[in-house]
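Close look at the chain arrangement
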Amino acid sequence: MTVSAQQIEKDLTDLWREGPDDKTKGLGLQRVYTTNLVAFAPDHVEGYRVEQILNDLAEKHPGRYILIRPAADSTEPPLRHYVMGHCFFGAGKEKRVCCDIIKLVAQKEVIENLYGFTFSLLLPDLPVEFWWPGDLPYENPFFERMATQSNRVWVDSTKFKDPVRSLARLSTFWDSRFPHTLLMDLNWIRVQRWRSLIAELFDGQWSGYLRDVRKVSIAYGEGSPATRGFFLACWLASRLGWKYQGERITTFPPQLDFEGPKGKVEVVLQPVPVQDAKRDRIFAVGLVTDGDPSGVFTVVRDQDPHCVIAQSEIDKKPAFSRTVSFEHFHSNEVLNSGLKNLRPDPGWDKTLKMAGTILAKPDLTKA
Amino acid sequence: MSAPILLENPLRQGLFSDRVPQPCSLVIYGASGDLTHRKLVPALFDLYEKHLLPSSFCLIGISRSKMSDAEFKAKLKDSLKKSEPQLSDSLWESFSQNFHYLAGSYDDRSAYEALARRLDQVDRENGTAGNRIFYLSTPPNVFGDIVENLGLAGLNREDKGFSRVVIEKPFGHDLESAKALNVKVKETFKERQIYRIDHYLGKETVQSLLVMRFANSIFEPIWDRRYVDHVQITASEDLGVGTRAGYYDSSGVLRDMFQNHLFQVMCLIAMEPPVAFEANAIRDEKLKILKAIRPFNEDTVYQWAIRGQYGPGFLAGEKVPGYLQEEGVPPGSFAPTYAALKIFLDTWRWHGVPFLLRSGKRMPKRTTEVAIQFKEPPNLLFKNNLVNLAPNLLVVRIQPDEGITLKFETKVPGMSMEARTVNMDFRYGTAFAEGSSEAYERLLLDCMLGDATLFIRGDEVEAAWEALMPVISLWETTPPEHKFPNYEAGTWGPPDADNLLEKPWRKWRRL
């Protein structure tokens, strides 16, 4: 059977008329759409993972979700579709709220030209978020067209095979290639709470110490790229007016040197041994100031795995300490947190620009 | 107003949680009371969890009971555990590390001098920078004493940092007492330092009224007498007076709900666009509405005001006592537990449009909403085919299930010309899938930030009392025309309230 947008919409209408499952049959359902979210998964394993994330995300951001993944082998039809309803109890528990997920499974060569079909499935007047979980493709018509038509493209630098090179490319070409589309990295959202906690240490009377920061150490899980630590370094540098002093890098080095308002600032990216599952996390951030009096400002994970401690010492005496909840964010929660804000994130733009001054310039002519 | 923290800390810029106040101390009078335990401390904890409490923050609780810091903290922790059962010891210790307690009588001057010394010490030790907020969560009869004594101890001065006073409702018992309290408070604090709380204004949907009206262009052209038939504002409660009989019997529903909550909501619906989204610009417009309320006289009180008191009845299948059977209610009391008012606003925009306000206890359910009913189309094309066309309604639900519904007519599919009313429904809980912040959380944060937009100015309080006093005075001096109780618990109020509707197409909404 030929797949058409009309057929998919009809399947959805039938689905909602009947109720997406036995439990909802005959019940009053409220369909809610707050966004269009198109996700691409490069293979069926990733497709399964992305589908799970979308299912979990639907309760927080009900919307029209379209998941596209390649067929598992060449014997499958060129394009198949599935429609799924996702229902949950809204706030107040008295009403079932539903949204839908359309899954398109296609041969790779079909996907390249699937953008028009995908456009026809988007709901009008709602933002279009395009999530590309893996490495960015090079000259891929589907990606190019989708990125052009979307309000925002989500990447996840945790999934980049070569994060330094991929980030360098992003920092170099995005604005010129896609001037009307925001770019956002889930990894940047993952360090949001760290940024917030570090910022909190310098509120009020402590803000003056920022001028005297001379050393920053960022502990991250051994065996994973230091991408998040690198983001924190670039964020601090962009906010505090530091200029990068070293050679452009092709891998994340153990130390980055900057010139701050009062001289050299060292940022040490320090791997610490951890369990595999926690590898890509940040474990501690410390900032040392050398003014008079000197200060040490740290955010470290607590023994209680659900908390972190933000604290400072001035002149080797405790000055401030605060323990706060720090539950692990799953991917759907990270995406949810990012989707809450539709406006551009100037902090991210400046961080990526700073990264562009540190990372080796990419050869944009090569894949 | 103090400098925004953003300007000082460049790391704050670009963070989405950028509304972070300056370091400060919060002094709560009435710290052993219900409001502190049930609302204020949970709200502070939520702010703490959201990283919205200043990094240097101190709470000093004051009440008459003698207790140590440790006992005070233990009581607060027990209360907080009710709303935060997962609260860990380390989190609590960190949150409450700068919580202190002082016992003292509210009229004992030496207690205020001790407080001043303690605050100075806290500033030195915790970096709270001389910024102070005094929250009066006490019985209203001591507001004046506390404010006066704060002044005598120099705690109203702003030479080091800001000094603000938050005053809980009720602000006065009538016009005279409200004026007297305003005079007393203003002898010590300037108007910009005074934050009169009406927690309704902290509710998300109430604030959203402003956004709905002034961030959309589709409503403004039809928001007047030419298109609006009438406006209904309802705040119903299923609870009775409970343990508040002492307070309630001397207050009644007009003081408890109308003078503050319902009038404030009416102002937000009726006011003209302010020149800026700024506290005084908004409060100026609200004040104009309160001053435009057509004054009640003895005749119009009988015509436009209906009172009621609940008798025994059933709620959720259970028998509940009538008001007169509630513990602490004096026999023969004719305190109204229900009121419905028809209010006319003598403005160009609203001339002739009735605002129907009602509120009552022991009604079938707890709900607050505003319903704007539009006039019928000028020329009914379908009058031969369609006989039961319902008026268009725009309903803003304030609680529960916050949201907005537009009701309109549509054709039923088929060969005949039949219409049915359908709803276009927006619900906060589904569209944003996350709960709104508690009203106190928002209001405490705003006070720390020096943003008085959601607080009531002194002249607003007086104007509201002034509009309501003729009704209150008459009702307090004359027994009801129909014997109380005149509505059964679990119903929507006395049938007399229908007399306010006047036109056959107007009906009280069944909620």
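Here, the structure is the one placed above.
What counts and what doesn't
Residues numbered from 1 in each chain as written. Chains lettered and ligands numbered in written order. Predicted model: local features only at pLDDT ≥ 70, side-chain atom pairs only at ≥ 80, totals over all residues. Heavy atoms only, no water. Helix = DSSP H or I, 4+ residues; strand = E, 2+ residues; numbered from the N terminus. Rg over C-alpha atoms; globule rule 2.2 N^0.38 Å. Buried < 20%, exposed > 50% of the residue type's maximum accessible area, 1.4 Å probe, protein only. Phe/Tyr/Trp six-rings, centres within 6.5 Å; stacked < 30°, edge-to-face > 60°. Contact = heavy atoms within 4.5 Å. Buried area = accessible area lost by both parts, 1.4 Å probe. Salt bridge = Lys/Arg side-chain N within 4 Å of Asp/Glu carboxyl O. Polar contact = N/O pair within 3.5 Å; in protein donor to acceptor, adjacent residues only side chain to side chain. Pairing = 2+ DSSP bridges. Axes fitted to C-alpha atoms, helices over the stretch in contact; angles between N-to-C directions. Right-handed = clockwise from strand over helix to strand, strands pointing away. Patch = residues over 30% accessible without salt bridge, like charges linked within 9 Å, V, L, I, M, F, W, Y side chains within 5 Å. Areas by Shrake-Rupley, 256 points an atom, 1.4 Å probe, with all protein chains shown as cover. Lys, Arg positive; Asp, Glu negative; His and termini not counted. Charge placed at Lys NZ, Arg CZ, Asp CG, Glu CD. Core = buried A, V, L, I, M, F, W, Y, C linked by side-chain atoms within 4.5 Å. Disulfide = S-S within 2.5 Å.

Some thoughts on the overall build of chain A
Assigned secondary structure in chain A consists of 11 helices and 16 strands. In summary, chain A has a C-alpha radius of gyration of 23 Å against a globular reference of 21 Å for 367 residues, a match within 12%. Projecting the C-alpha coordinates of chain A onto the three principal axes gives extents of approximately 75 × 55 × 35 Å. Classification of the 367 residues of chain A by burial places 54% in the buried group.

A few points about the packing of aromatic side chains
How two aromatic rings sit relative to each other is given by the distance of their centres and the angle of their planes. All told, the structure shown has 40 aromatic pairs over all chains when counted by the stated rule. Arranged with centres 5.0 Å apart and planes meeting at 40 degrees, the rings of F230 of chain A and F252 of chain A form a pair that is tilted. In this pair, F230 of chain A sits in helix α9 (residues 227-240) while F252 of chain A sits in the loop between β10 (243-244) and β11 (255-260), placing the two residues 22 residues apart along the sequence. Overall, F230 of chain A belongs to the buried group, its relative accessible area being 0%. The exposure class assigned to F252 of chain A is buried, which follows from its relative accessible area of 17%. Here F95 of chain B and F99 of chain B contribute two aromatic rings whose centre-to-centre distance is 5.0 Å and whose plane-to-plane angle is 75 degrees, an arrangement assigned as edge-to-face. The class for F95 of chain B is buried, based on a relative accessible area of 5%. The exposure class assigned to F99 of chain B is buried, which follows from its relative accessible area of 1%.

Focus on the interface of chain A and chain B
Counting residues at the interface gives 43 residues for chain A, matched by 36 residues for chain B. Of the roughly 3200 Å² buried at the junction of chain A and chain B (both faces included), carbon and sulfur atoms supply 51%. Close ionic contact of D203 of chain A with R12 of chain B constitutes a salt bridge, the shortest N to O distance being 2.5 Å. Between chain A and chain B we count 14 residue pairs in polar contact (both at pLDDT 80 or more) in total. Contributions of two or more residues to the side of chain A that touches chain B are made by α8 (192-200), α9 and β16 (317-325) of chain A. The greatest single-element share of the side of chain A that touches chain B, amounting to 7 residues, is contributed by α8 of chain A.

Some points on the sheet that holds strand β16 (residues 403-411) of chain B
Residues and elements named next belong to chain B. Read across the open sheet, the 8 strands follow the order β8-β12-β13-β7-β14-β15-β16-β17; overall the sheet is mixed. Single-partner strands in this sheet number two, and they are β8 (305-308) and β17 (419-427). Neighbouring strand axes in the sheet, compared pairwise and without regard to direction, differ in orientation by 15 degrees on average. Alignment of strand β7 (residues 228-236) against strand β14 (residues 367-374), held across 8 bridges, turns out to be antiparallel. Note that in β14 the partner of I233 across the bridge is V370. Most of the contacts of helix α14 (residues 458-477) go to β8, to which it runs at about 45 degrees, and overall it touches β8 and β12 (338-344).

Quick word on the pairing of strand β7 (residues 152-155) of chain A
All names here are of chain A. Both faces of β7 are covered, namely the face carrying R152 and W154 and the face carrying V153 and V155. By the bridge criterion, 3 bridges tie strand β6 (residues 128-131) to β7 in an arrangement that is parallel. Looking at β7, one finds that F130 is bridged to V153. For the crossover that starts at β6, traverses helix α5 (residues 141-149) and ends in the parallel β7, the hand is right-handed. Taken together, the 4 bridges between β7 and strand β8 (residues 182-185) define a ladder with parallel strand orientation.

Topic: a negative patch on the surface
Residues and elements named next belong to chain B. On the surface, D107, D108, E113 and D145 cluster together into a negatively charged patch. Of note, E113 is situated in helix α5 (residues 109-126). Owing to a relative accessible area of 42%, E113 belongs among the partly exposed residues under this scheme.

Details of the sheet that holds β10 of chain A
Residues and elements named next belong to chain A. If you walk across this open sheet you meet the 8 strands as β10-β11-β12-β9-β13-β14-β15-β16, and the pairing is mixed. Strand pairing shows two members of the sheet lacking a second neighbour, β10 and β16, which therefore form its edges. Judged from the 8 bridges that link them, strand β15 (residues 307-314) and β16 form a sheet pairing that is antiparallel. Bridged to V308 within β16 is V324. Docked against the sheet, α8 engages β13 (282-289), β14 (295-301), β15 and β16, running at close to 25 degrees with respect to β13.

Regarding the pattern of salt bridges
Counted under the stated rule, the structure contains 49 salt bridges over all chains. Among the salt bridges present, the one from D284 of chain B reaches R457 of chain B, with a minimum N-O distance of 2.9 Å. Here D284 of chain B is found in helix α10 (residues 279-292), whereas its partner R457 of chain B is found in the loop between α13 (439-449) and α14, with 173 residues between them in sequence. Residue classification places D284 of chain B among the partly exposed residues on the basis of a relative accessible area of 35%. In this structure, the salt-bridge partner of K288 of chain B is E285 of chain B, at a minimum N-O distance of 3.1 Å. Linking K288 of chain B with E285 of chain B, this pair stays in helix α10, spanning 3 residues, or about one helical turn. Accessibility expressed as a relative area gives 8% for E285 of chain B, which makes it buried. One salt-bridge network, in which partners are shared between bridges, spans E9, R31, R64 and D100 of chain A.

Considerations on the nonpolar core
Nonpolar side chains in soluble globular proteins tend to end up buried together. Formed by 268 residues in total, the largest nonpolar core has its most connected members in Y29, L115 and F355 of chain B. L115 of chain B has contacts with V27, Y29, I60, I62, L102, F134, L150 and L155 of chain B, leaving out every residue within four places of it along the chain.

What about the pairing of strand β5 (residues 96-106) of chain A?
Residue and element names in this part refer to chain A. With 11 of 11 residues buried, β5 lies mostly within the body of the structure. Burial along β5 is two-sided: the residues R96, C98, D100, I102, L104 and A106 and V97, C99, I101, K103 and V105 are all buried. Across 3 bridges, strand β1 (residues 29-31) lies against β5 in parallel orientation. When the sheet's bridge partners are listed, L29 is paired in β5 with R96. Inspection of the sheet shows strand β3 (residues 64-70) paired to β5 by 7 bridges, in the parallel sense. Looking across to β5, one finds that R69 is bridged to V105.

A closer look at the state of the cysteines
Residue and element names in this part refer to chain A. For the coordinates displayed, the defined rule picks out 1 disulfide over all chains. Here C87 engages in a disulfide with C98; their sulfurs sit 2.1 Å apart. When the S-S torsion is 105 degrees, as for the bridge of C87 with C98, the disulfide is right-handed. Of this pair, C87 sits in strand β4 (residues 79-89) while C98 is found in strand β5, placing the two residues 11 residues apart along the sequence. Overall, the relative accessible area of 0% leaves C98 in the buried class.

Details of the side chain of D229 of chain B
You can see D229 of chain B is positioned in strand β7. Polar side-chain contacts of D229 of chain B include one of 2.8 Å to the side chain of R506 of chain B.

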